[in-house]
Amino acid sequence: MPALVRQQGLKAVLGVSLWSGPICLLWGVLYYFKPALAGIMIPLSGVLLALVVRSFSRALGGRFTALACQSYLVLVLMALRFGFAVQAPVQWALVMILGLIGLGLVPFTLRRDLLDDGAAPSSGQGDKWYLVLPLGLFGTLLSCYLAVQLLALSQG
């Protein structure tokens, strides 16, 4: 039980806020050097964000999954909006399938217990989730926006 007390939503928010930008930047750099491989980042970014949430918060509960899925959707929509998600001409059905695979990998990555003591999932009762989810959204948007601006400045 002591390991479950260490679960903190604000640490998860800090994690997605700090790591959404570098993942977005990695996606843009991959698109710049090898556009054909940029589509692989759609499902991979879901796994990376789930691992970030997991490592920062020791997350097991469904609310942590909601935070990771929210950040994943923001990251994918930002990449699609600014045009470095996939190489153009592409079938949008393929993009949607890859997006759903990535969205499915988020809870799959978070479902396995990282703790050695076999503790059950916790709801994170000490966290104020009405603050954590909007802060996670804002942090992810800000981090991705800064990464897109950095990509734009580097391309001239």
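Structure first, text after, so check above.
These numbers were taken from a predicted model, which means no experiment stands behind them.

Conventions and cut-offs
Residues numbered from 1 in each chain as written. Predicted model: local features only at pLDDT ≥ 70, side-chain atom pairs only at ≥ 80, totals over all residues. Heavy atoms only, no water. Helix = DSSP H or I, 4+ residues; strand = E, 2+ residues; numbered from the N terminus. Expected span 1.5 Å × (residues − 1). Buried < 20%, exposed > 50% of the residue type's maximum accessible area, 1.4 Å probe, protein only. Contact = heavy atoms within 4.5 Å. Disulfide = S-S within 2.5 Å. Axes fitted to C-alpha atoms, helices over the stretch in contact; angles between N-to-C directions. Parallel < 35°, antiparallel > 145°, perpendicular 65-115°, else oblique. Left-handed = near helix turned anticlockwise from the far one by under 90°. Nonpolar A, V, L, I, M, F, W, Y, C, P; charged D, E, K, R; others polar.

**Q** I'm lost on helix 6 (residues 129-154) in this one. Help?
**A** With 26 residues, helix 6 should cover 38 Å at 1.5 Å per step; its first-to-last C-alpha distance of 37 Å lies within 8% of that length. Where helix 6 is concerned, the buried positions are W129, V132, G136, G139, T140, S143, C144, A147, V148 and L151. For helix 6, the secondary structure elements touched by its buried residues are helix 2 (9-33) and helix 4 (62-81).

**Q** Is there a simple way to explain the state of the cysteines in this structure?
**A** Two cysteines form a disulfide when their sulfur atoms are joined by a covalent bond. Evaluation of the coordinates by the stated rule reveals zero disulfides. There is no disulfide at C24, and the cysteine sulfur nearest it, in C144, is 4.5 Å away. Given a relative accessible area of 0%, C24 falls into the buried group. Given the relative accessible area of 0%, C144 is considered buried.

**Q** Looking at this structure, how should I read the environment of L51?
**A** Position of L51 relative to the elements: it lies in helix 3 (residues 41-57). Given the relative accessible area of 42%, L51 is considered partly exposed. Measuring from C-alpha to C-alpha, the distance between L51 and V106 comes to 8.5 Å, with 55 residues separating the pair along the chain.

**Q** Is there a simple way to explain the packing of helix 3 against helix 4 in this structure?
**A** To describe two helices that pack against each other, one gives the angle between their axes and the distance between the axes. At their nearest, the axes of helix 3 and helix 4 sit 9 Å apart, and the two run at 140 degrees to each other. Relative to helix 4, the element helix 3 lies oblique. For the element pair helix 3 and helix 4, the recorded crossing hand is right-handed. Contacts between helix 3 and helix 4 pair I42, P43, S45, G46, L49, A50, V53 and S57 from the former with F64, A68, S71, Y72, L75 and V76 from the latter. For the contact of helix 3 with helix 4, the residue count by class is 10 nonpolar, four polar and no charged.

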